[in-house]
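Each chain, letter by letter, is given below.
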Amino acid sequence: MRVDLAVGDRDGSPPPANTEEFDWANLVNFNNPSAWKDVQLVTPPPPVSAYDIVKVPSITVDGTLGDWTGITSISMADDPNNGRGSANNSASVKLAWNDTYLYAAYNVTDTDIQAVQTTRDHAQLYTDDEAELYIDPQGDGASASRMTATDYQLLANVLETLGDNRGTGTGSKDPSYNAASFSAQSVVTGTLNASGTDVGYTVELRVSWTDLGVTPAAGHFMR
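The notes below deal with the structure included here. Remember, it's a predicted structure, so these values are computed and weren't measured experimentally.

How each quantity is defined
- Residues numbered from 1 in each chain as written.
- Predicted model: local features only at pLDDT ≥ 70, side-chain atom pairs only at ≥ 80, totals over all residues.
- Heavy atoms only, no water.
- Helix = DSSP H or I, 4+ residues; strand = E, 2+ residues; numbered from the N terminus.
- Rg over C-alpha atoms; globule rule 2.2 N^0.38 Å.
- Buried < 20%, exposed > 50% of the residue type's maximum accessible area, 1.4 Å probe, protein only.
- Contact = heavy atoms within 4.5 Å.
- Areas by Shrake-Rupley, 256 points an atom, 1.4 Å probe, with all protein chains shown as cover.
- Lys, Arg positive; Asp, Glu negative; His and termini not counted.
- Charge placed at Lys NZ, Arg CZ, Asp CG, Glu CD.
- Salt bridge = Lys/Arg side-chain N within 4 Å of Asp/Glu carboxyl O.
- Polar contact = N/O pair within 3.5 Å; in protein donor to acceptor, adjacent residues only side chain to side chain.
- 1 Å grid on protein atoms, 1.4 Å probe; cavity = no way out; pocket = protein on both sides within 12 Å on 5 of 7 lines; lining within 4 Å.
- Points joined across faces, edges and corners; volume = space filled by probe spheres on them.
- Nonpolar A, V, L, I, M, F, W, Y, C, P; charged D, E, K, R; others polar.

## Quick look at the overall build of the chain
Across its full length, the chain holds one helix and 14 strands. For a compact globule of 223 residues, the expected C-alpha radius of gyration is about 17 Å, and the chain comes in at 27 Å, more than 25% above that figure. Based on the C-alpha atoms only, the size of the chain along its principal axes is roughly 90 × 40 × 35 Å. Taken over 223 residues, the chain has a buried fraction of 34%. A separation of at least 24 residues holds for 56% of the contacts in the chain among residues at least 6 apart in sequence. Working note: accessible area of the chain is about 13400 Å², and carbon and sulfur atoms make up 51% of it. Of the charged side chains in the chain, 12 are positive and 29 negative; the average position of the first set lies 6 Å away from that of the second.

Right, here's the structure in full:
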């Protein structure tokens with residue numbers, strides 16, 4: 001289409017003999033379609049992705065990360081300056097997908113590895129050394145301040161104890177949700193629950209798209 005945008009300016013009362021106007025095309029006579037601006041209708045662009053999840057044939061969930069060679073990692077670390085821990089731990093995380101599953105791989109540095117929970121969905125599972133994946137698979141939570149029923153929290157500690165919760169729209173989560181496909185494997189480098197200097201651990205997670213309520217396709221945005 002062709003468009004011009006104009007603004008008329010009225011000052012004083014009664015108005016002066018000559019009103020003032022200005023326009024986008026910078027015209028003297030606005031009644032001139034040949035000088036208007038060319039415009040087009042487009043679909044709104046997708047949000048900018050913070051991380052592009054690569055499609056893979058499959059990942060063997062065994063706690064070793066050989067399947068992940070060449071996949072970009074996300075780096076995270078403790079930060080005592082904002083209350084996010086003071087042990088100077090760090091992690092690199094990779095995500096991948098295929099038509100059946102979403103995968104995640106955590107490589108965590110930790111000099112004191114501790115975990116005691118062995119019951120699925122235990123309320124204190126998050127206090128162990130563990131990995132968590134929060135996910136909004138519908139990608140519709142940009143204005144949500146609380147997890148809704150289509151948002152999920154998946155956890156696995158280094159004992160491979162699982163936790164899976166669904167949002168409720170309030171500050172609480174629903175632990176009765178269980179993703180049948182959710183599995184995890186961990187490998188510890190060090191001595192679990194014992195004195196001595198540990199190195200860290202890896203955790204691999206896998207969950208099906210069916211349990212997340214979406215059909216995967218390239219270009220799908222999540223949060």
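Picking up after the structure, the text goes on.
## Some words on the side chain of aspartate 211
Turning to its location among the elements, aspartate 211 is positioned in helix H1 (residues 209–212). There is no salt bridge for the buried aspartate 211, and the closest opposite charge comes from arginine 120, which lies 7.6 Å off by N-O distance. Within polar-contact distance, the side chain of aspartate 211 engages the backbone nitrogen of alanine 180 at 3.2 Å. Residues contacting aspartate 211, with those up to four places away along its chain left out, are Tyr152, Tyr177, Ala179, Ala180, Ser181 and Phe182.

## Some words on the layout of surface pockets
Considered as a void within the structure, the second largest pocket measures approximately 190 Å³ in volume. If you go around the second largest pocket, the residues you meet are Asp121, His122, Ala123, Leu125, Tyr126, Gln153, Leu155, Gly163, Asn165, Lys173 and Pro175. Looking at the lining of the second largest pocket, the elements with two or more residues in it are strand E10 (152–157) and strand E11 (162–167). For the lining of the second largest pocket, the class distribution of residues is five nonpolar, four polar and two charged.

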